[in-house]
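Each chain, letter by letter, is given below.
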Amino acid sequence: MVKLEELVQYAKTNGFIYQGSEIYGGLANTWDYGPLGSLLKNNIKSAWIAKFQKETKENVLLDSSILLNTDVWKASGHLGNFSDPLTECRSCNQRFRADNLIEQFDKTNADGWSNEKMYQYILSNKIPCPSCGAHDFLPIRSFNMMFQTYQGVVMDSANQIYLRPETAQGIFINFKNILRTSRKKIPFGVCQVGKSFRNEITPGNFVFRTREFEQMELEFFCKPGTEKKWFNYWREKMVSFLTSLGIKNENLSLYDHPKEALSHYSNATTDIHFKFPWGFDELWGIASRTDFDLKAHQTQSKESMEYLDPETNERYIPYVVEPSVGVERLVLSFLLNGLEMEKLDSGEDRQVLHIHPRLAPYKVAVLPLVKKEHANYANDLYLELAKTFDCIYDETQNIGKRYRRQDSIGTYLCITVDHQTLIDDTVTVRNRDSMEQIRAHVGDLKRIIEETMIF
Ligand code: ATP
């Protein structure tokens, strides 16, 4: 696997990801997605929607606001509890998440520990400051990660609101609306893709942890007592989503949270870890959240969140199973999983992004062999294919260099227009991974490309 610095460089030079606000010296830990990065992100989102919503007839989509009534965050517990344990080194003034300090020191998982317990652990184990080596940490305090802002012209506490730290709450507060208007019956799920904001204490590792990121969350509502079955169902679906899109098994591991470490509202939680350059770390989480969220909103809003089963006439508040993943962590995983430097038989090095065609920024490149003779035909073919697929057109430099360029950005097929094409409407179709070429009629291209995108 490539090193993280190599990936950052690759992502920048090929137009996947740039440093945010670069011409002004940057803004720490912000990233802009360039021409290829934005295509990749879109493809990841559309693949997730395909598997978690479109191909699951129980599930629907939602696009709720980023700004929500502050009562939502009171009910969900975010105002009171959405905090990380912050400590500061008195010697160099660097700030750290105390649970991370402990985990990095001896792999101890401090999830669910009190601030005092973490502080005593740091002192008694003489954990040094990772930055200056001193043993002089300030007591730990809870730092709320919600971004505050103001609505309207007056900046007073009455107008204070928050940017959402997760997309899930927008789904919970619309549970009754969706139930009424979509005529769904339990079990059913609501999928949402959108930006979330967390004022993380220690963002970093490129796009792994940022303060602004995109989440894809499914809240699956089911009858109490059936949640274990649905938890297993969605957990399997998450793994098969990743592996069917080419993530290698050896890059994945599953971490089931032990019972004693579960959050108070959860009766099962699993994290899917990916092998990042710094070790296995969380890519995707699934939690069985009982009726905690709907109940909390029922109490706060005084609106009933009960479901009336039309067949049995039972009334209950549904249980919820929630798979939740960050788009950027998937971007990072697919790039790390696929980027390789290969040695060819000729002795040459070839950089290839082995990424599933469904996710590849460009499915095909259309290349006229000789610009003067084949550009008109190639241009028409490009316009025709671009109606259906993400395509790129390239007529500069020799054909070998153009193939290499497309390999390195993951373009799955290269279609070359040559003198034979002008005679019989056939083209060469070159496969990125095998580098094999076949001759195909232009009328068959759409079918050939579509077949590669199935997953
Ligand atoms: P972590 O332990 O890494 O802080 P978390 O357990 O708080 O993550 P969740 O609240 O479960 O994360 O969020 C669900 C998913 O959203 C995560 O699995 C991850 O893919 C993504 N995510 C969470 N925080 C960030 C972030 N700051 N930057 C990028 N992605 C994030």
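Residues numbered from 1 in each chain as written. Predicted model: local features only at pLDDT ≥ 70, side-chain atom pairs only at ≥ 80, totals over all residues. Heavy atoms only, no water.

Participant: What am I meant to see in helix 6 (residues 115–124) here?
Facilitator: Count 3.6 residues to each turn of an α-helix, and residues three or four apart come out pointing the same way. Here helix 6 has its buried residues at M118, Y119, Y121 and I122. Axial view of helix 6: buried residues confined to an arc of 160 degrees, hence all on one face. Buried residues in helix 6 make contact with strand 4 (83–88) and helix 5 (98–106). Of the residues flanking the end of helix 6, it is K126, one or two places downstream, whose phi is positive at about 50 degrees. (Buried < 20%, exposed > 50% of the residue type's maximum accessible area, 1.4 Å probe, protein only. Helix = DSSP H or I, 4+ residues; strand = E, 2+ residues; numbered from the N terminus. Arc of directions from axis to C-beta. Contact = heavy atoms within 4.5 Å.)

Participant: Teacher, can you tell me more about the sheet that holds strand 6 (residues 141–144) here?
Facilitator: Hydrogen bonds between backbone atoms are what pair the strands of a sheet, whose relative direction is either parallel or antiparallel. Reading across the sheet, the three strands line up as 5-4-6 and stay open at both edges, with antiparallel pairing between neighbours. The sheet is open, and its two borders are formed by strand 5 (95–97) and strand 6, each paired with just one other strand. Looking at each pair of strands side by side, their axes are set apart by 45 degrees on average, direction ignored. Bridge count for strand 4 against strand 5 is three bridges, and the pairing is antiparallel. Bridge assignment links T87 to a residue of strand 5, and that residue is F96. Sitting on the sheet, helix 5 touches strand 4 and strand 5, and the angle it makes with strand 5 is about 75 degrees. (Pairing = 2+ DSSP bridges. Axes fitted to C-alpha atoms, helices over the stretch in contact; angles between N-to-C directions.)

Participant: Is there a simple way to explain the sheet that holds strand 23 (residues 437–441) in this structure?
Facilitator: The sheet built from five strands is open, its strands ordered 20-19-21-22-23 with mixed pairing. Lying at the two open borders of the sheet, with one neighbouring strand each, are strand 20 (391–393) and strand 23. Each strand axis lies, on average, 25 degrees off the axis of its neighbour in the sheet, ignoring direction. Bridging between strand 21 (residues 413–417) and strand 22 (residues 426–431) involves four bridges; their strand directions are antiparallel. Across the sheet, T416 pairs through a bridge with T428, a residue of strand 22. Here helix 15 (residues 445–452) sits on the sheet and contacts strand 19 (364–368), strand 21, strand 22 and strand 23; the angle it forms with strand 21, its principal contact strand, is near 165 degrees.

Participant: Hey, could you run me through the layout of surface pockets in this one?
Facilitator: Any empty space left between the atoms is revealed when a probe the size of a water molecule rolls over them. Reported here for the second largest pocket is a volume of approximately 300 Å³. Lining the second largest pocket are 15 residues, with N29, T30, W31, T210 and E212 sitting closest to its centre. Of all the secondary structure elements, the ones that give two or more residues to the lining of the second largest pocket are strand 2 (31–33) and strand 10 (212–222). Considering every element that reaches the lining of the second largest pocket, the biggest residue donor is strand 2, with three residues. Split into classes, the residues belonging to the lining of the second largest pocket amount to six nonpolar, three polar and six charged. (1 Å grid on protein atoms, 1.4 Å probe; cavity = no way out; pocket = protein on both sides within 12 Å on 5 of 7 lines; lining within 4 Å. Points joined across faces, edges and corners; volume = space filled by probe spheres on them. Nonpolar A, V, L, I, M, F, W, Y, C, P; charged D, E, K, R; others polar.)

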